[in-house]
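Now for the letters of each chain:
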Amino acid sequence: VQLVESGGGLVQPGGSLRLSCAASGFTFSTYDMNWYRQAPGKDRELVAGITSAGGSTNYADSVKGRFTISRDNAMNTVYLQMNSLKPEDTAVYYCNALRCLGYVCPHDYWGQGTQVTVSS
């Protein structure tokens, strides 16, 4: 199983970035996909999630209206479009693949993370 994030970098406040996460080694279309982030000294937090077929999305309140999660099941890739970036969005962003059976989630995979820095 591999999740490889890309698209991070340094951007000025108000700018945009698009993160990608390429998945392999599992049946991508059957997994819910999530983006998490972790800033220095803080806990990892859920930023956005999308269901396996892409029919439902959810967002942290702090990013609603600015970030958009999407997926392409034919390309085994999930995206995070980030607009109107703020310095407080600075963090390492992680891709997560999750498949649950009822209340148990035995399939839980993580990427290595990509750094996003928002600074002037």
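Now for a description of the structure that goes with this document.

Rules behind the numbers
- Residues numbered from 1 in each chain as written.
- Predicted model: local features only at pLDDT ≥ 70, side-chain atom pairs only at ≥ 80, totals over all residues.
- Heavy atoms only, no water.
- Core = buried A, V, L, I, M, F, W, Y, C linked by side-chain atoms within 4.5 Å.
- Buried < 20%, exposed > 50% of the residue type's maximum accessible area, 1.4 Å probe, protein only.
- Helix = DSSP H or I, 4+ residues; strand = E, 2+ residues; numbered from the N terminus.
- Contact = heavy atoms within 4.5 Å.
- Pairing = 2+ DSSP bridges.
- Polar contact = N/O pair within 3.5 Å; in protein donor to acceptor, adjacent residues only side chain to side chain.
- Phe/Tyr/Trp six-rings, centres within 6.5 Å; stacked < 30°, edge-to-face > 60°.
- Lys NZ or Arg CZ within 6 Å of the ring centre and 35° of its normal.

**Section: the nonpolar core**
By size, the foremost hydrophobic cluster in this structure holds 29 residues, and its most contacted members are M33, W35, V78, L80, M82 and Y93. Elements with a minimum of two residues in this core: β3 (17-24), β4 (32-38), β5 (45-50), β7 (67-72), β8 (77-82), β9 (91-101) and β11 (114-118). Residues contacting M82, with those up to four places away along its chain left out, are G15, S16, L17, L19, R66, F67, Y93 and V116.

**Digging into the pairing of β4**
When a strand is regular, its side chains alternate between the sheet's two faces. As judged from the seven bridges shared by β4 and β9, these two strands associate in the antiparallel manner. By the bridge assignment, R37 is partnered in β9 with Y93. With five bridges joining them, β4 and β5 adopt antiparallel strand pairing. When the sheet's bridge partners are listed, W35 is paired in β5 with A48.

**Topic: the environment of D61**
For D61, the position within the fold is in the loop between β6 (57-59) and β7. Measuring from C-alpha to C-alpha, the distance between D61 and M33 comes to 18 Å, with 28 residues separating the pair along the chain. A distance of 3.2 Å separates a polar atom in the side chain of D61 from a polar atom in the side chain of K64.

**Observations concerning unusual backbone geometry**
Its identity is not glycine, yet N76 carries a phi of approximately 55°, on the positive side. Mapped onto the fold, N76 is located in the loop between β7 and β8. Among the residues examined, N76 registers a relative accessible area of 27% and is labelled partly exposed. Phi is positive for S84, close to 50°, though the residue is something other than glycine. Secondary-structure assignment places S84 in the loop between β8 and β9. By relative accessible area, S84 is classed as partly exposed at 40%.

**Concerning the packing of aromatic side chains**
All told, the structure shown has five aromatic pairs when counted by the stated rule. Note on Y36 and W110: the rings are 4.9 Å apart at their centroids and 55° apart in plane angle, and the pair reads as tilted. Within this pair, whereas Y36 is found in strand β4, its partner W110 is found in strand β10 (residues 104-110), the two being separated by 74 residues in sequence. Through a chain of ring-to-ring contacts, three or more aromatic side chains come together here, namely F26, F28, Y31 and Y109. When the ring centre of W110 is taken as reference, the NZ or CZ atom of R44 above it lies at 4.7 Å. Residue placement shows R71 over the ring face of F28; its charged tip is 4.4 Å from the ring centre.

**Regarding the side chain of E5**
With respect to the helices, strands and loops of the structure, E5 is situated in strand β1 (residues 2-6). In this structure the side chain of E5 is engaged in a polar contact, spanning 2.7 Å, whose partner is the backbone nitrogen of C95. A distance of 3.1 Å separates the side chain of E5 from the backbone nitrogen of Q112, its partner in a polar contact. Not counting the four nearest positions on each side in its chain, E5 is found in contact with S20, C21, W35, Y93, Y94, C95, G111, Q112, G113 and T114.

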